[in-house]
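Coordinates in review
This is what each chain is made of:
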Amino acid sequence: LTERVPVKRQQDEMTELGMMFNELMDDLEKAFHQQQQFVEDASHELKTPLSVIHGHLSLIKRWGKDNPEVLERSIYLSLNETNRLIQLVSELLTLSRVEGSSSRIISKENIHIKSTIEDIIENFQTVNQEFQLMSNLNISHKFTLPMMKRHLVQMVIIILDNAIKYSKDRKIVEINVKESGKKLIIEVKDYGIGIPKEELAFVLNRFYRVDKARSRKQGGNGLGLSIAKRLLDMYQGTIDIDSVYGEWTKVTISIPIE
Ligand code: ADP
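Per an unreviewed UniProt entry, the protein carries the name Signal transduction histidine-protein kinase ArlS and comes from Cytobacillus depressus. The heading Catalytic activity (unreviewed entry) in the UniProt record of the protein holds the text "ATP + protein L-histidine = ADP + protein N-phospho-L-histidine."

Next comes the structure, spelled out in structure tokens:
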């Protein structure tokens, strides 16, 4: 991948071809390094729960027979870590699938935005009774968008899930859906822990977590937002995050209406 064609400063076809080849090689090299980085990061993330499980199995081996408390606690904690591993592997698979597809090959269906979002909110409200999910869905029932339903559902779930995961005592989540210009806008605002300004630029990166300990406790792997970002890329959509640390966070998704 390090080889390049020597090109002279001339305006002929061969020079142009050489330049094109070199650019292609640059892109390939970049993609290769990104892939390598991904494997490294993923391995690192997989190693943590595996080490914890290993530690508990060693404890069980040493003390398990004589000490039922150690046995019970280690099994409990190992099971927690196994759940984390299952979740992590499933998110890694999703990310890899999403990154592998392009907007050209996905089959789109015309989905009813309002009812789809209403259903997600209803499900969230059912399992998070202590929260007040306030929605303002300012679009007609007939409004449809050509995209895959599961993609929209996945994005909205990731963002609502974060709004709930990173909440504080004010358990209110506001959901606004509207049409603006030639775009569908979905805003989710929470009054939780917020994100420091200097970290806002990084939260869309794979495996990035502002507070590793808190995210880990909540079952977070730092992959949710990067999955949402990749899904939006497929539809030329964007994701924007604004926050005041310690006060609120607002995530805005924007999807062009074809
Ligand atoms: P995770 O699975 O860790 O939640 P995400 O990619 O979804 O991963 O989010 C990355 C990080 O961004 C989180 O670990 C958290 O620190 C921060 N974050 C995301 N959403 C919010 C939010 N609504 N409020 C506060 N912090 C958030």
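Now, onward.
1. Re the overall build of the protein
When its secondary structure is counted, the protein shows 6 helices and 7 strands. Listed by position from the N terminus, the elements making up the protein come as α-α-β-α-β-β-α-β-β-α-α-β-β. When its C-alpha atoms are laid out on the principal axes, the protein stretches across 80 × 55 × 35 Å. Here the protein holds 258 residues, and 38% of them are scored as buried. Of the contacts formed within the protein by residues at least 6 apart in sequence, a portion of 68% connects residues at least 24 apart. As displayed, the protein has an accessible area near 16,100 Å², and 53% of this comes from carbon and sulfur atoms. Computing the positive centroid from 35 side-chain charges and the negative centroid from 36, the protein places the two 3 Å apart.

2. Description of the packing of aromatic side chains
A full pass over the atoms with the stated rule returns 2 aromatic pairs. Their ring planes at 25° and their centres at 6.3 Å tell us that Phe-38 and Phe-207 sit as a pair that is stacked. Placement of Phe-38 in helix α1 (residues 13–63) and of Phe-207 in the loop between β5 (183–190) and α5 (212–217) is noted, with a sequence separation of 169 residues between them. Considered together, Phe-38 and Phe-207 belong to a single accessibility category, that of buried residues. Aromatic pair Phe-202 and Tyr-208: ring centres 5.5 Å apart, planes at 35°, arrangement tilted.

3. Section: the pairing of strand β4 (residues 172–180)
The pairing of strand β2 (residues 132–138) with β4 spans 7 bridges and is classified as parallel. Looking at the pairing, Gln-132 lines up with Ile-172 of β4. With 8 bridges connecting them, β4 and β5 associate as antiparallel partners. Its bridge partner lying in β5, Ser-180 is registered against Lys-183. Following β4, the chain reverses through 2 residues before pairing antiparallel with β5; Gly-181 in that reversal takes a positive phi of roughly 60°.

4. Notes on the site of the ligand
Neighbouring the ligand are 20 residues, the closest being Asn-162, Tyr-166, Asp-190, Ser-215 and Leu-225. Here an oxygen atom of the ligand and a side-chain polar atom of Lys-165 are 3.0 Å apart. In this structure, Tyr-166 approaches the ligand through a side-chain N or O atom, which is 2.6 Å from an oxygen atom. Taking 530 Å² as the accessible area of the ligand by itself, protein coverage stands at 97%. For the shell around the ligand, the secondary-structure elements that each account for two or more residues are α4 (149–165) and α6 (224–234). When residues of the shell around the ligand are assigned to their parent elements, the largest contribution, 3 residues, is made by α4. Looking at the shell around the ligand, its residues break down into 9 nonpolar, 8 polar and 3 charged.

5. Quick look at the sheet that holds β2
The 5 strands lie next to each other as β2-β4-β5-β7-β6, forming an open sheet whose pairing is mixed. Lying at the two open borders of the sheet, with one neighbouring strand each, are β2 and β6 (238–244). If you compare each strand with its neighbour and ignore which way they point, the axes differ by 10° on average. Docked against the sheet, α4 engages β2, β4, β5, β6 and β7 (248–256), running at close to 20° with respect to β5.

Here is what the cut-offs are and how they apply
Residues numbered from 1 in each chain as written. Predicted model: local features only at pLDDT ≥ 70, side-chain atom pairs only at ≥ 80, totals over all residues. Heavy atoms only, no water. UniProt positions renumbered as here; feature names shortened; annotations may be inferred. Helix = DSSP H or I, 4+ residues; strand = E, 2+ residues; numbered from the N terminus. Buried < 20%, exposed > 50% of the residue type's maximum accessible area, 1.4 Å probe, protein only. Contact = heavy atoms within 4.5 Å. Areas by Shrake-Rupley, 256 points an atom, 1.4 Å probe, with all protein chains shown as cover. Lys, Arg positive; Asp, Glu negative; His and termini not counted. Charge placed at Lys NZ, Arg CZ, Asp CG, Glu CD. Phe/Tyr/Trp six-rings, centres within 6.5 Å; stacked < 30°, edge-to-face > 60°. Pairing = 2+ DSSP bridges. Near = heavy atom within 4 Å. Polar contact = N/O pair within 3.5 Å; in protein donor to acceptor, adjacent residues only side chain to side chain. Nonpolar A, V, L, I, M, F, W, Y, C, P; charged D, E, K, R; others polar. Axes fitted to C-alpha atoms, helices over the stretch in contact; angles between N-to-C directions.

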